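Understanding the architecture of this molecule
Residues per chain, in single letters:
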Amino acid sequence: MSASHTTDAPTLLVKIFGKDRPGLTAGLFETLAGYGVDVVDIEQVVTRGRMVLCALVTVPPSGLEGDLRATVHGWAESMKMQAEIISGIGDNRPRGLGRSLVTVLGHPLTAQSTAAITSRITAAGGNIDRIFRLAKYPVTAVEFAVSGVETEPLRTALATDAAALGVDVAVVAAGLHRRAQRLVVMDVDSTLIQDEVIELFAAHAGCEAEVAEVTAAAMRGELDFEQSLHARVALLQGLDASVVDKVRAEVRLTPGARTLIRTLKRLGFQVGVVSGGFTQVTDDLKERLGLDFAQANTLEIVDGKLTGKVVGEIVDRAGKARLLRRFAAEAGVPLAQTVAIGDGANDLDMLNAAGLGVAFNAKPVVRKAAHTAVNFPFLDTVLYLLGITREEVEAADTHERTP
């Protein structure tokens, strides 16, 4: 390292601010280039058309600092900008141990909630190093780069405040692995789609009330998932197989589902679904949405009628986690670089096994146990938790429409 970059060497912080337009950054550094200075750090922010550009540079050779200051101020004035130059020593202070990215989603994101979240970061021992807006629609999504506190205690500290303030907060470890996440696996019923598939079949069989009663018993803990699955499917015995096409047509995707999948695929992710529902629906979704993986239970059909039984491997709570691991192995993605999305208690093993588990509009017990929660009705807001910006989402949309 040269002497000019040692921590005790004198430096100049050159700050330019005013109305943004093309060429300002190049113009500043062309001006500085005439004085033989080295660039130590650069930071630029543009908000509502106003730019703040900061350049930390070494002090020029003896006798030239005054001339540099006058030249920079003259250039800034000619560009109708303001300049400020501050003398100091060395670089930024070292960042504390622990690196996390805190993503806050709000609709709207209020000053009150932002004050509470940032105060909690400080109280936990964290320092906010950088702030970046990921999206302004359909929610406001802001990412804070935080140092000085480990990820898990920071996540714990922020979880309670988030629920009380009506915002969603995701805390993930910073580093290359975040952008290396290349497999997203999600639940289907009440996650990818708005419906419960068994209820759609039950409506055609005229046994909605009975199915609902079995579901309620399962939720009370009187039946486990496999018992409730067999009990509900048994009520469909004798239903004509033609109802499968009717149910497929009735399925309603969750708002933002197509955008989520299209964007992930465009950015090189693999996407899969696991469901306690039925392959008769998930296979159709896989084909329609271009999914890489899909697994669910299979309704037995004999002589054009549903038998009231399921065949093959049962996909239950443990099965979903097992399938996540299988999909990850087939995709060649380490489990720590997977993302799982779900809403129910039978998704918890999968959410906890993934590198990032996202509870989507989930019940309180699931929100509490998952790594993070999204409580907005748009599935594509999950993209912001992965550090994907609204601009990248729109670029994926544009690519999709291009012939």
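Residues numbered from 1 in each chain as written. Predicted model: local features only at pLDDT ≥ 70, side-chain atom pairs only at ≥ 80, totals over all residues. Heavy atoms only, no water.

So, the overall build of the chain
Summing up its helical and strand segments, the chain has 16 helices and 15 strands in all. Here the chain has a C-alpha radius of gyration of 27 Å; the compact-globule value for 403 residues is 22 Å, and the former is much larger. For the chain, restricting intrachain contacts to residue pairs at least 6 apart in sequence, the fraction spanning at least 24 positions comes to 67%. Surface summary for the chain: the accessible area is close to 19000 Å², and the carbon and sulfur share equals 53%. (Helix = DSSP H or I, 4+ residues; strand = E, 2+ residues; numbered from the N terminus. Rg over C-alpha atoms; globule rule 2.2 N^0.38 Å. Contact = heavy atoms within 4.5 Å. Areas by Shrake-Rupley, 256 points an atom, 1.4 Å probe, with all protein chains shown as cover.)

Focus: helix α3 (residues 111-123)
The end-to-end C-alpha distance of α3, which contains 13 residues, comes to 18 Å, matching closely the 18 Å that a straight helix rising 1.5 Å per residue would cover. Within α3 the residues assigned to the buried category are Ser-113, Ile-117 and Ile-121. Mapping the buried residues of α3 onto a view down its axis gives an arc of 75°, with all of them on the same face. Exposed and oriented more than 90 degrees from the buried face of α3 are Ala-111, Gln-112, Thr-122 and Ala-123. Against β5 (99-106), β6 (127-135), β7 (140-147), α4 (151-165) and β8 (168-173) lie the buried residues of α3. Count one or two residues on from α3 and you reach Gly-125, which has phi positive near 95°. (Expected span 1.5 Å × (residues − 1). Buried < 20%, exposed > 50% of the residue type's maximum accessible area, 1.4 Å probe, protein only. Arc of directions from axis to C-beta.)

What about the environment of His-371?
Within the secondary structure, His-371 sits in the loop between α14 (364-369) and β15 (372-374). Between the C-alpha atoms of His-371 and Asn-352, which are 19 residues apart in sequence, the distance is 7.5 Å. Residues contacting His-371, with those up to four places away along its chain left out, are Arg-155, Leu-351, Asn-352, Ala-354, Gly-355, Leu-356 and Gly-357. Within the structure, the side chain of His-371 is placed 2.6 Å from the backbone nitrogen of Gly-357, a separation counted as a polar contact. (Polar contact = N/O pair within 3.5 Å; in protein donor to acceptor, adjacent residues only side chain to side chain.)

Let's talk about the UniProt feature "active site" (unreviewed entry) in the chain
As annotated by UniProt and renumbered to match this structure, "active site" (unreviewed entry) occupies Asp-187 and Asp-189. Turning to its location among the elements, Asp-187 is positioned in the loop between β9 (183-186) and α6 (197-205). For Asp-187, the residues in contact, after removing those within four places along its chain, are Leu-192, Val-274, Ser-275, Lys-320, Ile-341, Gly-342, Asp-343, Asp-347 and Met-350. Within the structure, the side chain of Asp-187 is placed 2.9 Å from the side chain of Lys-320, a separation counted as a polar contact. Its place among the elements puts Asp-189 in the loop between β9 and α6. (UniProt positions renumbered as here; feature names shortened; annotations may be inferred.)

Considering the UniProt feature "domain: ACT" (unreviewed entry) in the chain
Using the residue numbers shown here, the UniProt feature "domain: ACT" (unreviewed entry) corresponds to residues 13-91. Strand forms 42% of residues 13-91 and helix 30%; the C-alpha atoms that close the span are 10 Å apart.

Structural notes on the pattern of salt bridges
This structure, assessed with the given rule, holds 16 salt bridges. In this structure, Lys-305 engages Asp-240 in a salt bridge whose closest nitrogen and oxygen atoms are separated by 3.5 Å. You can see Lys-305 sitting in strand β12 (residues 305-311) and its partner Asp-240 sitting in the loop between α8 (225-234) and α9 (243-250), a full 65 residues away along the chain. Judged by relative accessible area, Lys-305 falls into the partly exposed class, the value being 38%. Here Asp-240 falls in the partly exposed class, since its relative accessible area comes to 34%. Salt-bridge contacts for Arg-248 lead to Asp-245; the nearest nitrogen and oxygen are separated by 3.7 Å. (Salt bridge = Lys/Arg side-chain N within 4 Å of Asp/Glu carboxyl O.)

So, the domain arrangement of the chain
Assigned domains within the chain: domain 1 (10-89), domain 2 (102-174) and domain 3 (183-195 + 253-396). Spacing between the C-alpha centres of domain 2 and domain 3 amounts to 25 Å. In this assembly, 17 residues from domain 2 lie in contact with 16 residues from domain 3. Across the domain 2/domain 3 interface, buried area totals approximately 1400 Å², and carbon plus sulfur atoms make up 68% of it. Together, Leu-134, Pro-138 and Asp-168 form the three largest contributors to the area buried by domain 2 at its contact with domain 3, with a combined 36%. At the boundary of domain 2 and domain 3, one finds zero salt bridges. (Domains from an automatic or database assignment. Buried area = accessible area lost by both parts, 1.4 Å probe.)

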